[in-house]
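# Structure assessment
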Amino acid sequence: MKKQVFMWCLLLLGGALASCSDDDGGNPGKSELEQQYFSIENAQYQSGQFPAATSTATLQGVTVNDRALSGGMNFITIVSDVRYNRFFIGVQGVEGYWEYVPDAPVNRAESDGGSNTYIIPVNYSTTYSSDITMLISGEDESGDITEPYETEITYVESQSGDLNINLTFSNAKDVDLHLIMPSGEHIYYGEPGGTVETADGHTVSYGLDHDSNAACDIDNLNNENIYIPAELIQAGTYTVIVDMYANCEPSIATSWSVVARYKGNEVNNELGSNPASGVYPVGAGEADMTQVIRFTLDEGISVSAVNRQIKAGSFKPAPLSPQSLKKLEAAKLNDMWRKQSK
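In every chain, residue numbers begin from 1 and rise along the written sequence. Note on the predicted model: pLDDT of at least 70 is required for a residue's local features to be given, and 80 or more for side-chain atom pairs to be given and counted; whole-chain, interface and lining totals, by contrast, use all residues. In computing side-chain properties, one takes all heavy atoms of the structure into account and sets aside hydrogens as well as water.

### Some points on the overall build of the protein chain
- Strands here are runs of E lasting at least two residues and helices are runs of H or I lasting at least four, both read from the DSSP assignment and numbered beginning at the N terminus. Counting its regular elements, the protein chain contains four helices and 24 strands.
- Only heavy atoms enter the contact rule, under which two residues are in contact if any of them lie within 4.5 Å. For the protein chain, the share of sequence-separated contacts (at least 6 apart) that also reach a separation of at least 24 residues comes to 75%.
- When the accessible surface of the protein chain is summed, it comes to about 15,300 Å², and 48% of that surface belongs to carbon and sulfur atoms. Computed with a 1.4 Å probe, the accessible areas rest on the Shrake-Rupley method; for each residue, only the protein chains presented here act as cover.

Below is the structure:
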């Protein structure tokens, strides 16, 4: 049964995700923290050292996706019975930090138990390329600042092109990223792309370079990425789809976010917002195939022109993992069952 997916920018952030920065690299007006590591939605950059603790208290109930791709997103979720006026987020050993003030009641939703939930969206720079120690502190209503919460973030190498689609989700489930090209080509775990040789003799690769937690074989990457190089950019409309292929742990909800960038800039979305985000609630079903971003590129060449500049017979498909093959076989069996049951 198709599940309901709530757009996170409406549910949690009141549309704040639509205000993302357009270009992360090469901007001399940006701090090292923003240009090389990450920015925080609706946060104020502060220069100087990370705020010192004024109490022995620590942040409780913090969860962060500990893997990150360049140009991708992340979630800091804090569930606590303490109310916080602001949060401070930085990188160990890096000058400056982000000061984030949550807006009640969107980011301070109280559960029946009286706890407060804060969700802080993180945008990684397109030039982000190393492991880091992220620091997170909170200032409570009395003005006391907690000891910094330290969490290791592992950089995951991924391919990049003129067009990049990044998906991140908050816990270990098999959430899949799909892209429908203007030509109708469907890039996903079953047809992840590969390499082609162009007319001038260059070999270029494209497609999906991560199928995370495939068939619930947990890798805890919780990120997927699709890339298209300049030589293969087609003029026309692209559709991005998010699908809960397997809800590996249905007792917990899963937040997700997708960002689409062309030449480092977030593309104008014709469907909703970019980044697009949502929540799979507790007990969410599977196989929703939800369209989340649709955009049109006027640049690029026609589909027929792309085909003409690729040498016939040069396509070499990317190898499928055993888990992806297992998913394909299951999909075929399900399709056969549906046809037989009609």
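This is not the end of the story, as more comes after the structure.
### Quick word on the packing of aromatic side chains
- Stacked, tilted and edge-to-face are the three classes assigned to paired rings of Phe, Tyr and Trp, where Trp is represented by its six-membered ring and a pair needs centres within 6.5 Å; plane angles under 30 degrees give stacked, over 60 edge-to-face, the rest tilted. A complete count under the given rule lists 14 aromatic pairs for this structure.
- Taken together, a centroid distance of 5.9 Å and an interplanar angle of 80° make the contact between F88 and Y97 edge-to-face. With respect to burial, F88 and Y97 carry one shared label: buried.
- Considering the side-chain rings of Y189 and Y245, the 5.7 Å spacing of their centres and the 70° angle between planes classify their relative orientation as edge-to-face. Of this pair, Y189 sits in the loop between β15 (186–187) and β16 (193–197) while Y245 sits in strand β19 (residues 236–246), placing them 56 residues apart in sequence.
- Of the residues examined, Y189 reaches a relative accessible area of 7% and is grouped as buried.
- The rings of F38, Y124, Y128 and Y155 are connected pair by pair, giving a single aromatic cluster.
- Directly above the ring of Y245 sits K327, whose terminal nitrogen or CZ lies 4.6 Å from the centroid. Remark: exposure states derive from per-residue accessible area (1.4 Å probe, protein chains only) relative to the maximum for the residue type, with buried under 20%, exposed over 50%, and partly exposed in between. Put simply, a charge is over a ring when the Lys NZ or the Arg CZ is close to the ring centre, within 6 Å, and near the line of the ring normal, within 35 degrees.

### Regarding the side chain of E139
- As for its placement among the helices and strands, E139 is situated in strand β11 (residues 132–140).
- Beyond its immediate stretch of four places on either side in the chain, E139 contacts Y84, N85, R86, F88, D144 and I145.

### Re the sheet that holds strand β7 (residues 84–91)
- With mixed pairing, six strands are arranged side by side in an open sheet as β3-β8-β7-β11-β12-β5. Looking at which strands have only one partner, the edges of the open sheet turn out to be β3 (44–46) and β5 (67–68).
- Where β3 and strand β8 (residues 97–100) come together, three bridges link them in antiparallel fashion. The residue bridging Q44 from the neighbouring strand is E99, located in β8. Paired strands are those between which DSSP finds at least two bridges.

### Quick notes on the state of the cysteines
- When the sulfur atoms of two cysteines come within 2.5 Å, that pair is taken as a disulfide. For the structure on display, the rule yields one disulfide.
- One disulfide bridge connects C216 with C248, the sulfur atoms lying 2.1 Å from each other. On the S-S bond that ties C216 to C248, the torsion sits near -95°, and the link is left-handed. A residue pair is termed long-range when its members are at least 10 positions apart, and C216 in the loop between β17 (203–208) and β18 (223–228) and C248 in the loop between β19 and β20 (254–262) qualify at 32 residues.

### Here's the deal with the sheet that holds strand β14 (residues 174–180)
- Taken together, four strands build an open sheet; the order of strands is β15-β14-β19-β23 and the sheet is antiparallel. This sheet does not close on itself; its edge strands, each paired only once, are β15 and β23 (290–297).

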